[in-house]
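# Summary of structural features
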Amino acid sequence: MKRAKLIVVAGLALTVISNTGTIAAQHDPGPRPVANNATPIPYSELSTDLKSFFSDAMTDFMEVDSVTGNLPGEEGVGLGPTFNGNSCAQCHAFPVVGGSSPAKNPQVELATLDGAMNTVPSFIAETGPVREVRFVRNPDGSPDGGVHGLFTIRGRSDASGCELQQPNFAQQLAAGNVIFRIPTPTFGLGLVEATPDSTLQANLAANRQIKSQLGINGTLNTSGNDGTVTRFGWKAQNKSLMVFAGEAYNVEQGVSNEAFGNERAAVAGCVFNGSPEDTTKMLDDQNSSTGTAAEMSSDLVNFAAFMRFSSPPVPGAMSGSATNGANLFNAVGCGLCHTATLTTGKSKFSGMSSVPYHPYSDFAIHHMGSRLADGVSQGAAGPDQFRTAPLWGLGQRLFFLHDGRTSDLLQAIQAHASDCGNSRFRFGGNTSQSCGSEANDVIRRFNSLNRSQMQDVLNFLRSL
Amino acid sequence: MRFSAVPSFSRCRPILAIGVLWLFLTSMWAQGSPCGPSPEIRSQIEKATVVVSNPSNFDQALAPLVALRQRYPNDLWVNERYQDAVQQYGIEGHVRGLTEEYQVLSMQHPDDPTYSYLYSRSLMGRNTSAAAQQLMEIIKDHPDFAPAHGSLAEIYASAVLHDDSKEKTERVRFLALCPEGEVKRPPTGLPDPSLLVDQAESLLAQNGDPDRVVALADQGVRDDEWRLQRIRPFDWYSVDYKRQAQRQLQAKYWRLWSIEVRCYRRAGRPAKAARVLATMDQRTASLYSTRDPAYWDALALVTRLYEEGNQKELATQKLKSMQDFLAVHPDPRRSAQLEDLQKLTEKR
């Protein structure tokens, strides 16, 4: 008996050692190169009209905002009083406009642009990801979860008299009250928007038995307004691209708009424009009332159009290793949540009806355990629940996971596994089943792959 | 309590009349006459109207009037002066807050024309047609409420709702009620555009201290930004006037940045100069993508600055952009400008 026990212990130890060695030996091949002149492209099946709407809308997506729109080259109106960026394209930048965080974080220079008097918080680095900050709790201990702008317009030449100070991030960090989010890529989102709820529900219900055996549950986040499935954002908290764009415009740039009409941090001495700051135009820039759709639309509509009509990320060539990796990806169980293919329903937009596409996501929210938990609830998504991050375009992503904590794909995979024991956040009301990560078993299976197989999976992911 | 339980109305009439008269007199005492403040209030207002060193410091500029308003919360003239000061020193947020505050007050005092009047007055220059409409409503119920006639006369004297005949009618009515009264022609108190950028350029030409030159130019732009805040939130000014003021300010920004580049170069801070110039270059590119008419001038300025800094390669690139632009949008004046710049570059 004793001998048998020894063998088991020795076997386990060997497994751990060999797996540790395996993990250390694999490597993320890194992002695929991006062509010098790469630009966002419209979805190929769109009509000519919609393609030009996309191109014109992109100009708005790239527009730089200042407080009053008086600064040359920063003609957008409404920046601040608090903000994280001054243009959509500033943060949604890599590999091309519309993507995610670029290699050089523009927030460092933004802190003092045009005379602004911000200090760069310790968690914002020039080589780190673009980040927004949320506080988990309010000072009275009640849940917060809202975005707190990194910067204020204090000191800018176009914001005379505004004395609004930045939050005390050092103090909040010390109190363990700070979590981060990085920009989600926006390519191909029209297809996601055009996917019927029933498709997402059926997909989630598919393979229920296998999922259940692996501890995978998942649920779809829903709108408190109409009860339909929400699908955009790290916790699938946003219903539509309009809502997604409207919230981001107000929260990230401080521009009130037709979807989110009230100014945030509206200290009287820092409010320089009427609300909403972005509206549908009765006259375009040339004083004409007969401009194109993009010219007459609000920035908000243009942002949504840019995302809606953009082409999905184009995958790289599949090597033999990547093809093998794709099979392993499914065999291990990754594909149970990272659904490879979904199909759109009937769409009003040309070429977008009944289209199979490859997001590698079920757009459902899953418990991810203590290592990823951020303590923030959004809609039905609780403190440790996140939307299955779509993996399309992963081959050209620089930062991974909701907070951009790593640039190493292997570490990102490993972070999917965790129990519920070490979180600094409380999981009020969660059962023990949802306390750990739903991905634990799948990651265990991934870790049981041999070195070459793991490398195949990594190569496959970098081909997306 | 049932109505029959109280003394009859006819028996109460003299008491009520005395009460109403007393209320009227005390309110007149508190508010001065409808034509102007009492001597005491006038003197207090004068004391509270201070000249401030930094007009963008709203709280500092308003502090004496805020205190005075706390002492005389119901005084028409104190409130009027307070409103004027908010519009004089405030930005959109302050002016919006002012309207909201007086709207609440007018709802709290539905039978008092003073508050309806002050609310209407807070709309003047913001939503002037609504202000005029409400002032006319007040006059319908209180034809002898002189301030409403005065304000209407001011509105009809302004460009936004200009009407000579109505202005004359209201002025005559106002002066009949208040012979010593004065009708202003709004908007008033808009500062002139700053001359500090011009001064900075002169100082730069005289080899003045680079830091001083930059500080002057920067303050000049900030002063004009603040000036534009006296224009943007108000419908006293036409859309064209606002656009023109904005274009003038944008031109000043380009002057400020070129001053910075030249000063930093002169002060031996080439890296800082290069950073400012690179940002100017980016801004120029964005003007091209938005088809801004200021693109050409910005491009010419950036080219010149590269040329002055002996950055020949970049200057040549910009000259090429100018040529390309001219090929699509021919213009003899601009061609001459390009030729001059080309000659300058060749000389170096």
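Residues numbered from 1 in each chain as written. Chains lettered and ligands numbered in written order. Predicted model: local features only at pLDDT ≥ 70, side-chain atom pairs only at ≥ 80, totals over all residues. Heavy atoms only, no water.

Turning next to the overall build of chain A. On a plain count of helices and strands, chain A comes out with 16 helices and ten strands. Over its C-alpha atoms chain A spans a radius of gyration of 23 Å, differing by no more than 12% from the 23 Å that the globule rule assigns to 464 residues. Reported as C-alpha extents along the three principal axes, the dimensions of chain A are approximately 85 × 50 × 45 Å. Of all 464 residues assigned to chain A, the portion counted as buried reaches 56%. (Helix = DSSP H or I, 4+ residues; strand = E, 2+ residues; numbered from the N terminus. Rg over C-alpha atoms; globule rule 2.2 N^0.38 Å. Buried < 20%, exposed > 50% of the residue type's maximum accessible area, 1.4 Å probe, protein only.)

Residues and elements named next belong to chain A. Judged by which residues are buried, strand β4 (residues 132-135) turns out to be covered on both faces: Glu132 and Arg134 on one side and Val133 and Phe135 on the other are all buried. Where β4 lies against strand β6 (residues 178-181), four bridges are found, and the strand directions are antiparallel. Bridge pairing in β6 places valine 133 opposite phenylalanine 180. (Pairing = 2+ DSSP bridges.)

Now for the packing of aromatic side chains. Where two aromatic rings form a pair, the distance of their centres and the angle of their planes describe that pair. Residue and element names in this part refer to chain A. In this structure the tally under the stated criterion is 22 aromatic pairs over all chains. On the numbers, 4.7 Å between centres and 80 degrees between planes, the contact of tyrosine 249 with phenylalanine 303 is edge-to-face. With tyrosine 249 in helix α9 (residues 241-252) and phenylalanine 303 in helix α11 (residues 299-308), the pair connects residues that are 54 residues apart, well separated along the chain. An identical accessibility class is assigned to tyrosine 249 and phenylalanine 303; each is buried. (Phe/Tyr/Trp six-rings, centres within 6.5 Å; stacked < 30°, edge-to-face > 60°.)

Moving on to the environment of asparagine 79 of chain B. Within the secondary structure layout, asparagine 79 of chain B lies in helix α4 (residues 76-89). Taking the C-alpha atoms as reference points, asparagine 79 of chain B and tyrosine 102 of chain B, separated by 23 residues in sequence, lie 9.9 Å from one another.

What follows deals with the interface of chain A and chain B. If you look at the interface, chain A gives 29 residues, while chain B gives 26 residues. Interface area, chain A with chain B, both sides summed: about 2200 Å², of which 45% is carbon and sulfur. On the chain A side of the interface with chain B, the three residues burying the most area are Asn70, Pro72 and Ser157 of chain A, jointly 28% of the side's total. Viewed at the interface, chain B and chain A are joined by two salt bridges. Two residues, aspartate 114 of chain A and arginine 283 of chain B, come together in a salt bridge whose shortest N-O distance is 3.0 Å. Taken together, chain A and chain B are joined by 16 residue pairs in polar contact (both at pLDDT 80 or more). When the residues that make up the side of chain A that touches chain B are grouped by side-chain class, the tally is eight nonpolar, 15 polar and six charged. (Contact = heavy atoms within 4.5 Å. Buried area = accessible area lost by both parts, 1.4 Å probe. Salt bridge = Lys/Arg side-chain N within 4 Å of Asp/Glu carboxyl O. Polar contact = N/O pair within 3.5 Å; in protein donor to acceptor, adjacent residues only side chain to side chain. Nonpolar A, V, L, I, M, F, W, Y, C, P; charged D, E, K, R; others polar.)

As a further point, take unusual backbone geometry. Residues and elements named next belong to chain A. The residue after phenylalanine 94, namely proline 95, is reached through a cis peptide bond having omega 10 degrees. With respect to the secondary-structure elements, proline 95 resides in the loop between α3 (88-91) and α4 (107-110). The omega torsion across serine 275 and proline 276 is -10 degrees, close enough to zero to call that bond cis. Relative to the assigned elements, proline 276 resides in the loop between α9 and α10 (293-296).

This structure, assessed with the given rule, holds 31 salt bridges over all chains. Notably, a salt bridge pairs arginine 444 of chain A with aspartate 441 of chain A, separated by 2.6 Å at the nearest N-O pair. Of the two residues, arginine 444 of chain A and aspartate 441 of chain A both sit in helix α15 (residues 440-447), three residues apart, roughly one turn of that helix. For arginine 444 of chain A, a relative accessible area of 53% corresponds to the exposed category. The residue glutamate 80 of chain B makes a salt bridge to arginine 121 of chain B at a minimum N-O spacing of 3.5 Å. Within this pair, whereas glutamate 80 of chain B is found in helix α4, its partner arginine 121 of chain B is found in helix α6 (residues 113-123), the two being separated by 41 residues in sequence.

It is worth spelling out the packing of helix α2 (residues 39-48) of chain B against helix α3 (residues 58-71) of chain B at this point. Residue and element names in this part refer to chain B. Two numbers describe how α2 lies on α3: the axes approach to 8 Å, and their chain directions differ by 155 degrees. When the axis of α2 is compared with that of α3, the two are roughly antiparallel. Judged by the twist between their axes, the crossing of α2 over α3 is right-handed. Contact residues: Gln44, Ile45 and Ala48 in α2; Pro64, Leu65, Leu68 and Arg71 in α3. (Axes fitted to C-alpha atoms, helices over the stretch in contact; angles between N-to-C directions. Parallel < 35°, antiparallel > 145°, perpendicular 65-115°, else oblique. Left-handed = near helix turned anticlockwise from the far one by under 90°.)

Moving on, we come to α4 of chain B. Residue and element names in this part refer to chain B. End to end, α4 covers 20 Å across 14 residues, agreeing with the expected 20 Å (1.5 Å per residue, within 8%). Counted residue by residue, α4 has twelve buried out of 14 residues, so it is predominantly covered. Here α4 has its buried residues at Leu76, Trp77, Val78, Asn79, Glu80, Arg81, Tyr82, Gln83, Ala85, Val86, Gln87 and Tyr89. Measuring from the backbone nitrogen of tryptophan 77 back to the side-chain oxygen at the start of α4 gives 2.8 Å, which picks out aspartate 75 as the cap. (Expected span 1.5 Å × (residues − 1).)

Residues and elements named next belong to chain A. Scored by pLDDT, chain A has a mean of 92; 91% of the residues are at 70 or more. Within the model, the stretch residues 6-23 combines pLDDT values under 50 with ten contacts to residues more than four positions away or in other chains. The low-confidence segment residues 428-434 (pLDDT under 50) makes five contacts with residues lying over four places distant or belonging to another chain. (pLDDT = per-residue confidence, 0-100.)

Turning next to empty space enclosed by the protein. The probe, sized like a water molecule, is rolled over the atoms to show the empty space still left. All names here are of chain A. For the coordinates displayed, the defined rule picks out five cavities of 30 Å³ or more. Considered as a void within the structure, the largest cavity measures approximately 600 Å³ in volume. In terms of lining residues, the largest cavity is bounded by 32 residues, among which His338, Ala389, Leu391, Leu401 and His416 are the most central. Elements represented by at least two residues in the lining of the largest cavity include exactly β10 (385-387), α13 (409-414), α15 and α16 (451-463). Across the lining of the largest cavity, the residue classes tally to 23 nonpolar, six polar and three charged. One number sums up the size of the second largest cavity: a volume of about 480 Å³. Along the walls of the second largest cavity sit 31 residues, with His92, Glu132, Pro183, Ala248 and Glu252 positioned nearest its centre. Secondary-structure elements contributing two or more residues to the lining of the second largest cavity are α3, β4, α9 and α11. Among the elements that take part in the lining of the second largest cavity, α9 stands out by supplying seven residues, more than any other. (1 Å grid on protein atoms, 1.4 Å probe; cavity = no way out; pocket = protein on both sides within 12 Å on 5 of 7 lines; lining within 4 Å. Points joined across faces, edges and corners; volume = space filled by probe spheres on them.)

Let's shift gears to the layout of surface pockets. Approximately 1600 Å³ is the volume found for the second largest pocket. As for the second largest pocket, its lining consists of 45 residues, and the residues nearest its centre are Glu109 and Leu113 of chain A together with Thr279, Gln282 and Arg283 of chain B. Of all the secondary-structure elements, those providing two or more residues to the lining of the second largest pocket are α2 (48-62), α3 and α4 of chain A together with α11 (210-229), α12 (239-266) and α13 (270-289) of chain B. Counting residues per element, the lining of the second largest pocket draws most heavily on α13 of chain B, which supplies eleven residues.

On to the packing of α12 of chain B against α13 of chain B, then. Residue and element names in this part refer to chain B. In contact at an axis separation of 7 Å, α12 and α13 are set at 155 degrees when each is read in the N-to-C sense. One way to sum up the angle between α12 and α13 is to call them roughly antiparallel. Pair α12 / α13 crosses with left-handed handedness. Taking contact as the criterion, the partners of Trp254, Trp257, Ser258, Glu260, Val261, Tyr264 and Arg265 in α12 are, on α13, Pro270, Lys272, Ala273, Val276, Leu277, Met280, Arg283, Thr284 and Leu287. Of the residues assigned to the contact of α12 with α13, the class counts are ten nonpolar, two polar and four charged.

Right, let's get into the state of the cysteines. Following the criterion strictly, the structure yields two disulfides over all chains and no others. In this model cysteine 162 of chain A forms its disulfide with cysteine 270 of chain A; the gap between the sulfur atoms is 2.0 Å. Classification of the bridge connecting cysteine 162 of chain A and cysteine 270 of chain A rests on its S-S torsion, roughly 90 degrees, and on that basis the disulfide is right-handed. With cysteine 162 of chain A in the loop between β5 (151-152) and α5 (169-174) and cysteine 270 of chain A in the loop between α9 and α10, the pair connects residues that are 108 residues apart, well separated along the chain. The class for cysteine 162 of chain A is buried, based on a relative accessible area of 1%. Take cysteine 270 of chain A: its relative accessible area is 3%, and that puts it in the buried class. Disulfide partner of cysteine 35 of chain B: cysteine 178 of chain B, at an S-S distance of 1.7 Å. What sets the handedness of the cysteine 35 of chain B and cysteine 178 of chain B disulfide is the S-S torsion sign, and at about -80 degrees it is left-handed. (Disulfide = S-S within 2.5 Å.)

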